[in-house]
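Chain by chain, the residues run as shown.
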Amino acid sequence: MKVKTPSDSRTIMTDLVLPSETNPLNNLFGGELLARMDRAASIAARRHSRRITVTASVNHVAFNRSIPLGSVVTVEAAISRTFRTSMEVFIDVWIEDRFSGERTKANEAIYTFVAVDDTGIPTEVPPIQPETELEKQRFEAALRRKQLSLVLAGKMKPNEATELKALFMGDQ
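If you trace the 5 strands from one edge of the open sheet to the other, you get 1-3-4-5-2, paired in antiparallel fashion. Both edges of this open sheet fall to strand 1 (11–16) and strand 2 (52–63), since each of them pairs with a single strand only. Each adjacent strand pair in this sheet contributes to an overall mean axis angle of 25°, direction not counted. Bridging between strand 4 (residues 86–96) and strand 5 (residues 103–116) involves 11 bridges; their strand directions are antiparallel. Note that in strand 5 the partner of valine 89 across the bridge is tyrosine 111.

Next up, the structure:
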């Protein structure tokens, strides 16, 4: 399998917040933002794996800033790490000031996708090689996030989570 970089699968979707997508405060519904993030992450996962992909989990979502009606919203999704059949997708959400054009990070999320074959059986995905400092940081932290998810789901015993133990215990 050919090793890929996060930029090989990066997906950027830009759209406008319309009145039908807002709550009574005229801000984008959280569920609408989740759907946009899921679509962008799905495309990034499919580009990376060249397979059908399914959302396995939404590991983290931070609604840090509300997104007002009329805002230009850009959702950027890129694979932060791959495992045997799964891919962690890191999503950054940006809003653009209507007058200055300045972009501000509004939200972020981390989704996990699994590549499957035509019958829905998980299939292997290519490895990823981070290049930038941010890609390297996200890559390194992904294993800790995966172990935490597995422990919380009861699929891994806490004493088997070596990356988490190292994080909390240090060199003892």
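The next thing to look at is the environment of valine 17. Looking at the secondary structure, you find valine 17 in the loop between strand 1 and helix 2 (30–49). For valine 17, a relative accessible area of 1% translates into the label buried. Taking the C-alpha atoms as reference points, valine 17 and phenylalanine 99, 82 residues apart in sequence, are found 16 Å from one another. If sequence neighbours within four positions are ignored, valine 17 has contacts with Thr22, Leu28, Arg36, Ile67, Pro68, Leu69, Gly70, Ser71 and Val73.

Criteria and thresholds
Residues numbered from 1 in each chain as written. Predicted model: local features only at pLDDT ≥ 70, side-chain atom pairs only at ≥ 80, totals over all residues. Heavy atoms only, no water. Pairing = 2+ DSSP bridges. Helix = DSSP H or I, 4+ residues; strand = E, 2+ residues; numbered from the N terminus. Axes fitted to C-alpha atoms, helices over the stretch in contact; angles between N-to-C directions. Buried < 20%, exposed > 50% of the residue type's maximum accessible area, 1.4 Å probe, protein only. Contact = heavy atoms within 4.5 Å.

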